[in-house]
Amino acid sequence: MEELLYRIEAILRRTKGPATEKEEEFSHIGEYVFDSKRQLLTYRDHQISLTTKESELLELLFRHRNEILERNYALKSIWIDDNYFNARSMDVYITRLRKYLKKDPAVKILNIHGRGYRLIC
């Protein structure tokens, strides 16, 4: 049942319609501006085009900013399955996001041992 809920959430996230007033297209992550629709991360005058997975993971981290994002929840939300290979893949994406966000020392993605990640901003 839990896996079904994760799959439904992932499908809804990928197929959501036009943004409502409550949803913001632009998110401020420290000094960065994240445009989830265009998959762009901007720092001052420098833009980084994100892959779909990078963008989905950053959006999930942002929605849970300053909280713990459970590792299994992220895996099931984005990759549908929390197997070993997807977990290693997510680790690579976390490393990439850390690299992109390193220009602002106030923004960090922390590992929370045995639980998941925390985006500090």
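Quick summary incoming for the structure in this document. (Residues numbered from 1 in each chain as written. Predicted model: local features only at pLDDT ≥ 70, side-chain atom pairs only at ≥ 80, totals over all residues. Heavy atoms only, no water.)

### Thoughts on the packing of aromatic side chains
Consideration 1: Counted under the stated rule, the structure contains three aromatic pairs.
Consideration 2: When the ring of Trp79 is compared with that of Tyr93, the centres are 5.8 Å apart and the planes differ by 45°; the resulting orientation is tilted. Taken together, the positions of Trp79 in the loop between α3 (71-78) and α4 (84-101) and Tyr93 in helix α4 put the pair 14 residues apart, joining distant regions of the chain. Side by side, Trp79 and Tyr93 carry an identical accessibility label, which is buried.
Consideration 3: Each ring, one from Tyr84 and one from Phe85, has its centre 5.5 Å from the other, and the planes form 85°; the classification is edge-to-face.
Consideration 4: A relative accessible area of 65% means that Phe85 is categorised as exposed. (Phe/Tyr/Trp six-rings, centres within 6.5 Å; stacked < 30°, edge-to-face > 60°. Helix = DSSP H or I, 4+ residues; strand = E, 2+ residues; numbered from the N terminus. Buried < 20%, exposed > 50% of the residue type's maximum accessible area, 1.4 Å probe, protein only.)

### Brief notes about the pairing of strand β3 (residues 40-43)
Consideration 1: Along β3, one buried face is formed by Leu40 and Thr42 and the opposite face, lined by Leu41 and Tyr43, is buried too.
Consideration 2: In this structure, strand β2 (residues 32-35) lies alongside β3, joined through four bridges in antiparallel fashion. Residue pairing for β3: Tyr32 is matched across the bridge by Tyr43.
Consideration 3: Hairpin connection from β2 to β3: four residues lie between these consecutive antiparallel strands, with Gln39 at a positive phi of about 55°.
Consideration 4: As paired elements, β3 and strand β4 (residues 46-49) share four bridges and run antiparallel to each other. Looking across to β4, one finds that Leu40 is bridged to Ser49.
Consideration 5: A loop of two residues connects β3 with β4, the two strands running antiparallel in sequence, and Arg44 in this loop sits at a positive phi of about 55°. (Pairing = 2+ DSSP bridges.)

### A short note on the pattern of salt bridges
Where side chains of opposite charge bring their charged atoms close, a pairing between them can arise.
Consideration 1: If you walk through the whole model with that rule in mind, you get six salt bridges.
Consideration 2: Among the salt bridges present, the one from Glu54 reaches Arg96, with a minimum N-O distance of 3.5 Å. Within this pair, whereas Glu54 is found in helix α2 (residues 52-63), its partner Arg96 is found in helix α4, the two being separated by 42 residues in sequence.
Consideration 3: With a relative accessible area of 33%, Arg96 lands in the partly exposed category.
Consideration 4: A salt bridge links Arg71 to Asp91, with the shortest nitrogen-to-oxygen separation between them at 2.9 Å. Of this pair, Arg71 sits in helix α3 while Asp91 is found in helix α4, placing the two residues 20 residues apart along the sequence.
Consideration 5: Linked through salt bridges whose partners overlap, the residues forming this network are Arg71, Arg88 and Asp91. (Salt bridge = Lys/Arg side-chain N within 4 Å of Asp/Glu carboxyl O.)

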